[in-house]
Amino acid sequence: MSQFTYRDNLLYAEEVSCSKLADAYGTPCYVYSKAAIQHSYQAYASALQHWPTRICYAVKANSNLAILSLLAQLGAGFDVVSGGELERVIRAGGDAGKVVFSGVAKRADEIRRALLAGIYCFNIESREELERVESIAKEMGIPARVSLRVNPDVNPSTHPYISTGLKENKFGVEIDQAWELYQRIAQSRDLHAAGIDCHIGSQLLDLAPFQACFEKLFELVDRLHGCGIALQHVDVGGGLGIAYTHRESAPGPQEFAKVLAPFMQDRQLELIVEPGRALVGAAGLLLCRVEYLKHTAQKNFALVDAAMNDLLRPSLYSAWHGISAVYKEAGDEMLYDVVGPVCESSDWLGSQRSLCIKQGSLLAIHDVGAYGFVMASNYNSRMRPAEILVDGDQAWLVRKRESIEQLFADEIIPG
Ligand code: LLP
């Protein structure tokens, strides 16, 4: 059930009208629903309750401290991919002991900090990285729990930019190499083989690639078990998609659990999942205002005050996001390309959208809770937008709009 609904033709986020939010905080701004995040977290937790499970939220999807704090309160662990993300988790009150550290090129200082913080596990992506973690663990006298990220060579059938489980991708180690590296870990005094992991891609709408991946992953788990290497957990990554259009349908955590069940059954393993988009994607809107309507011989353009720097997904992946008028006026709709002020033709948010709008109308861009603000930049010296968290009839400003001062506060003119 969506937490963004129309009442008397006006869009609400939970109990708060989106036009009031735009008036109070200005546009463009991201608006998140607390109830939507709670709901999707609980749906995941209940679908996986048959097994000892840790949900490690993928921080990269939305790393605002308020969102991390909310997920920490719900009991989540975290999947981080940088020292910065780890610091965010700690600052938000998350438990470092529930953190898995993913990412292909962890720096020595990041590894040191993670060991000191006492993270649960490093998801290792190469022999070279394993060697680095081992030598730092030895030097610090803190043994490191590790998991090898296996690259199962499975096609996730998603956008090529977000496919990660094919052998031509930079991610993970091949199954045969993983086997070899586990023997090596077993010999080390500074490493402990805590688990195994994989993540084959993002925005998967079909469960078959997960099935293919689990077959390879669990076969390796059994082989390792057979030679005395008993892993504590299996981390199956994130990747479950959401339906961005009415034509799409996304499998929910229950269906995902059904695919997992035969693999988890009769194996004494803990389960880790790393969902990002499925927890927060549908929980966010981007509100923006129409600055001008421009009609050319070819097209009608709605020029809005949000742009590719605020929401990159359409420009980068040709991603489709629903766009609706915050106030639904009576009148004829027209087809518009919804575009921003950035000086590139790739700066578009939606093309050929049927809308009844005028100059000054507010628009809502839907399903931007994941990979929205986190991918925003200052391109064209635009200030990044404000972020607001709605809880019932309350709205909290959880990140102020950037100011002109912040824009160049760290720049230095020499001399
Ligand atoms: N675990 C690992 C190791 C990952 O690399 C990712 C996402 C996740 C978990 C979470 O995946 P999710 O459940 O959100 O699909 N910017 C792109 C998505 C990039 C995803 C990168 N890795 C987008 O806007 O679609």
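In this text the structure is predicted, and so the values were computed from the model without any measurement.

Draft legend 1. The arrangement of the overall build of the chain in detail. The helix and strand inventory of the chain stands at 12 helices and 20 strands. Taking 415 residues into account, the globule formula puts the C-alpha radius of gyration at 22 Å, and the chain, at 23 Å, falls close to it. For the chain, the residues scored as buried account for 53% of the 415 residues in total. Across the chain, the centroid of the 39 positively charged side chains sits 2 Å from that of the 50 negatively charged ones.

Draft legend 2. Expanded view of the nonpolar core. In terms of nonpolar packing, the biggest core is built from 100 residues, with Tyr57, Phe78, Phe122, Tyr182, Phe214, Leu260 and Leu363 touching the most fellow members. It is helix H8 (residues 208-226) that contributes the most residues to this core, 8 residues altogether. Ranked by size, the runner-up nonpolar core spans 19 residues in total, among them Phe4, Cys29, Leu287 and Ala364.

Draft legend 3. Fine view of the pattern of salt bridges. For the structure on display, the rule yields 19 salt bridges. Close ionic contact of Arg149 with Glu125 constitutes a salt bridge, the shortest N to O distance being 2.8 Å. Here Arg149, found in strand E9 (residues 144-149), pairs with Glu125, found in the loop between strand E8 (121-124) and helix H6 (127-140); they are 24 residues apart in sequence, far enough to count as distant. By relative accessible area, which is 7% here, Arg149 ends up buried.

Draft legend 4. Spotlight on the side chain of Ser324. Assignment of secondary structure puts Ser324 in strand E15 (residues 323-325). Using a relative accessible area of 12% as the deciding quantity, one classes Ser324 as buried. Of the polar contacts made by the side chain of Ser324, one reaches the side chain of Tyr6; its length is 2.9 Å. In this structure, Ser324 is in contact with Tyr6, Leu355, Leu362, Leu363, Ala364 and His366, ignoring residues within four places of it in sequence.

Draft legend 5. Region of interest: the site of the ligand. The full set close to the ligand counts 19 residues, and Ser202, Glu274, Arg313, Tyr317 and Tyr371 are the nearest of them. Within the backbone of Gly239, one N or O atom sits 2.8 Å away from an oxygen atom of the ligand. For the ligand, the accessible surface in isolation is 590 Å², of which the surrounding protein chains cover 91%. In terms of residue class, the shell around the ligand is made up of 6 nonpolar, 7 polar and 6 charged.

Draft legend 6. Seen up close, the pairing of strand E4 (residues 29-33). Of all 5 residues in E4, 5 are buried, a share of seventy percent or more. Side chains of E4 alternate between two faces, with Cys29, Val31 and Ser33 and Tyr30 and Tyr32 buried alike. The sheet contact formed by E4 and strand E13 (residues 284-295) spans 4 bridges and is antiparallel. From the neighbouring strand, Tyr30 faces E13, where its bridge partner is Leu286. Note: E4 against strand E19 (residues 386-391), 5 bridges, orientation parallel. Across the sheet, Tyr32 pairs through a bridge with Leu389, a residue of E19.

Draft legend 7. View of the sheet that holds strand E1 (residues 4-7). Spatially, 3 strands are ordered E1-E2-E3 in an open sheet, and the strand pairing comes out antiparallel. Of all the strands in the sheet, just E1 and strand E3 (16-17) have a single pairing partner and so form its edges.

Draft legend 8. View of the pairing of strand E12 (residues 270-273). With 3 bridges joining them, strand E5 (residues 53-58) and E12 adopt parallel strand pairing. By the bridge assignment for E12, Thr53 is matched with Leu271. Viewed along the sheet, the connection from strand E11 (residues 233-235) through helix H9 (residues 253-264) into E12 turns out right-handed.

Draft legend 9. Examining the packing of aromatic side chains more closely. Summed over the entire model, instances satisfying the criterion amount to 11 aromatic pairs. Considering the side-chain rings of Phe214 and Phe256, the 6.1 Å spacing of their centres and the 75° angle between planes classify their relative orientation as edge-to-face. Taken as a pair, Phe214 in helix H8 and Phe256 in helix H9 lie far apart in primary sequence, 42 residues in all. Residue class for Phe256 comes out buried when judged on its relative accessible area of 3%. Three or more aromatic residues joined by ring pairs form one cluster here, namely Phe210, Phe214, Phe218, Phe256 and Phe263. Taking NZ or CZ as reference, Arg7 lies 4.5 Å from the ring centre of Tyr12, over its face. For the cation-ring pair, Lys106 lies above Phe101, with the distance from its terminal atom to the ring centre recorded as 5.6 Å.

Draft legend 10. Spatial organisation of the layout of surface pockets. In this structure, the largest pocket encloses a volume near 910 Å³. In terms of lining, the largest pocket is formed by 34 residues, of which the most central are Ser2, Ile242, Ala243, Ala282 and Asp367. Mapped onto the lining of the largest pocket, the elements with two or more residues apiece are helix H2 (34-47), helix H10 (277-280) and strand E17 (348-355). With 5 residues, H2 is the single largest residue contributor to the lining of the largest pocket. Looking at the lining of the largest pocket residue by residue, the classes come out as 18 nonpolar, 13 polar and 3 charged. Approximately 690 Å³ is the volume attributed to the second largest pocket. Lining the second largest pocket we find 38 residues, and of these Lys60, Thr164, Phe171, His199 and Tyr371 sit closest to its centre. Elements with a minimum of two residues in the lining of the second largest pocket: H10 and helix H11 (313-317). Each residue belonging to the lining of the second largest pocket can be placed in one class, and the counts come to 15 nonpolar, 12 polar and 11 charged.

About the cut-offs
- Counting restarts for each chain, with residues numbered from 1 along the sequence as it is written.
- Only residues with pLDDT of at least 70 are given local features in this predicted model, and only at 80 or more are side-chain atom pairs given and counted; all residues enter the totals for whole chains, interfaces and linings.
- The basis for the side-chain values is all heavy atoms of the structure; hydrogens and waters are excluded.
- Going along the chain from the N terminus, every DSSP run of H or I of four or more residues is numbered as a helix, and every run of E of two or more is numbered as a strand.
- With C-alpha atoms as the basis for the radius of gyration, the globule rule is written as 2.2 Å multiplied by the number of residues raised to the power 0.38.
- Residue burial is assigned from relative accessible area. The probe radius is 1.4 Å, only protein chains are included, and a residue is buried under 20% of its type maximum, exposed over 50%, and partly exposed in between.
- Residues scored as positive are Lys and Arg, those scored as negative are Asp and Glu, and His as well as the terminal groups of each chain are ignored.
- Think of each charge as sitting on NZ of Lys, CZ of Arg, CG of Asp or CD of Glu.
- Residues grouped as a nonpolar core are buried Ala, Val, Leu, Ile, Met, Phe, Trp, Tyr and Cys residues, joined through side-chain atoms within 4.5 Å.
- We define a salt bridge as a side-chain nitrogen of Lys or Arg found within 4 Å of a carboxyl oxygen belonging to Asp or Glu.
- For the purposes of these results, a polar contact is taken to be a pair of N or O atoms within 3.5 Å, where, inside protein, one atom must be able to donate a hydrogen and its partner to accept one; residues adjacent in sequence count only when each atom of the pair is a side-chain atom.
- Whether two residues touch is decided by their heavy atoms; if any such pair falls within 4.5 Å, the residues are in contact.
- Throughout this document, a residue counts as near a molecule or strand when at least one of its heavy atoms sits within 4 Å of that molecule or strand.
- With residues, only the protein chains shown are counted as cover, and all accessible areas are computed by Shrake-Rupley using a 1.4 Å probe.
- Classification convention: Asp, Glu, Lys, Arg as charged; Ala, Val, Leu, Ile, Met, Phe, Trp, Tyr, Cys, Pro as nonpolar; all other residues, Gly among them, as polar.
- Here, any two strands with at least 2 DSSP bridges between them count as paired.
- By convention, orient the strands away from the viewer: a clockwise path from the first strand over the helix to the second makes the crossover right-handed.
- Two rings belonging to Phe, Tyr or Trp (six-membered ring only in the last case) form a pair when the distance between their centres is within 6.5 Å. Interplanar angles under 30 degrees mark stacking, angles over 60 mark edge-to-face geometry, and anything in between is tilted.
- Here, over-ring charges are defined by two tests on the NZ atom of lysine or the CZ atom of arginine: distance to the ring centre within 6 Å, and angle to the ring normal within 35 degrees.
- A 1.4 Å probe that fits but cannot get out identifies a cavity on a 1 Å grid over protein atoms alone, an open set with protein on both sides within 12 Å along at least five of seven lines counts as a pocket, and a residue lines either if it has an atom within 4 Å of a point.
- Grid points are joined across faces, edges and corners, and a volume is the space filled by probe spheres set on the points.

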